[in-house]
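# Understanding the architecture of this molecule
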Amino acid sequence: MADHGEILSLAQQLGEELIKRCWFVTSAESCTGGAIAAAITSIPNASNWFDGSVVSYANRIKHSVLGVDAKDLKQFGAVSEPVARQMACGVLAMMDANLSVAVSGIAGPSGGTEEKPVGTVWIAWAHAEGQEPVQIDARCFHFKGGRATVQAQTVLEALKGMLKILEEHPV
């Protein structure tokens, strides 16, 4: 299980790396309910690299606020690669940020299916530099444990993924 200290350490590291690049980060969160933004804003001076996020728990918010295609929500469901990718792009454009993360999953204890059991989470990361086209990476995770554990693991992996992108874009 991800521990709170590890999450805060990664958020601190993320902030340091973003400041070096003069980049801003944002998040679009469903199953974590704002926990990524909470981890980020627990770091002093986070306003130097974080403007805001969108908690899009309901599909109508994913569609109306983040621009997720209603057909994709219906065909693939909220917990899917196409939806996570569109969430990441939508929040990146909305916040005029350089880097975004989007999460959509089933934290439990209910809501899982045979195809998408509890603990299934899609995380997508998008980034853009100036006029550079948006690049997106997405990955499906299958976390074990209760609701809080799934949420904490999701936050941890979201932060790790953003740090990995920053490593690929040295100062």
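This text goes with the structure placed above it.
Residues numbered from 1 in each chain as written. Predicted model: local features only at pLDDT ≥ 70, side-chain atom pairs only at ≥ 80, totals over all residues. Heavy atoms only, no water.

### Examining the pairing of strand β3 (residues 99-105)
Within β3, seven of the seven residues are buried, leaving the element largely enclosed by the surrounding structure. Every second residue of β3 is oriented toward a common face, with L99, V101, V103 and G105 on one face and S100, A102 and S104 on the other, all of them buried. Pairing analysis gives five bridges linking strand β1 (residues 25-29) to β3, with the strands arranged parallel. Its bridge partner lying in β3, E29 is registered against V103. (Buried < 20%, exposed > 50% of the residue type's maximum accessible area, 1.4 Å probe, protein only. Helix = DSSP H or I, 4+ residues; strand = E, 2+ residues; numbered from the N terminus. Pairing = 2+ DSSP bridges.)

### Thoughts on the pairing of strand β4 (residues 120-127)
Counted residue by residue, β4 has eight buried out of eight residues, so it is predominantly covered. What you see with β4 is no split at all: T120, W122, A124 and A126 on one side and V121, I123, W125 and H127 on the other are buried throughout. The pairing of β3 with β4 spans seven bridges and is antiparallel. Its bridge partner being in β4, S100 is matched across the sheet by A126.

### Some words on helix α1 (residues 4-21)
Helix length check: α1, at 18 residues, gives a terminal C-alpha distance of 26 Å against a target of 26 Å (1.5 Å per residue), a fit within 8%. When we look at burial in α1, the residues that qualify are I7, L10, A11, L14, G15, E17, L18 and R21. On the buried face of α1, the contacting elements are β1, α2 (35-41), β3 and α6 (147-167). For α1, the side-chain oxygen to backbone nitrogen distance between the N-cap and G5 is 3.0 Å, and the N-cap itself is D3. (Expected span 1.5 Å × (residues − 1). Contact = heavy atoms within 4.5 Å. Polar contact = N/O pair within 3.5 Å; in protein donor to acceptor, adjacent residues only side chain to side chain.)

### Topic: helix α5 (residues 81-95)
In this model α5 runs 21 Å from its N-terminal to its C-terminal C-alpha over 15 residues, within 8% of the 21 Å that 1.5 Å per residue would give. Within α5 the residues assigned to the buried category are V83, A84, Q86, M87, A88, G90, V91 and L92. Considering only its buried residues, α5 is in contact with β1, β2 (50-55), α3 (59-64), α4 (70-76), β3 and β4.

### Details of the environment of K74
In this fold, K74 is placed in helix α4. For K74, a relative accessible area of 76% puts it in the exposed group. Residues K74 and N59 lie 15 residues apart in sequence; the distance between their C-alpha atoms is 9.5 Å.

### Details of unusual backbone geometry
Note the cis peptide between G108 and P109, where omega equals 10°. Note that P109 resides in the loop between β3 and β4. The backbone phi angle of D96 is positive, close to 50°, even though this residue is not glycine. As for its position among the elements, D96 is in the loop between α5 and β3. Residue classification places D96 among the exposed residues on the basis of a relative accessible area of 67%.

### Details of the sheet that holds β1
Pairing is mixed in the open sheet, where five strands are placed in the order β2-β1-β3-β4-β5. The open sheet terminates on both sides in strands that have one partner only, identified here as β2 and β5 (135-142). For this sheet, the mean inter-axis angle between neighbouring strands, taken without regard to orientation, is 15°. As defined by bridge partners, β4 adjoins β5 across eight bridges and the pair is classed as antiparallel. Bridged to A124 within β5 is A138. Strands β1, β3, β4 and β5 of the sheet are contacted by α6, whose axis makes an angle of about 25° with β4. (Axes fitted to C-alpha atoms, helices over the stretch in contact; angles between N-to-C directions.)

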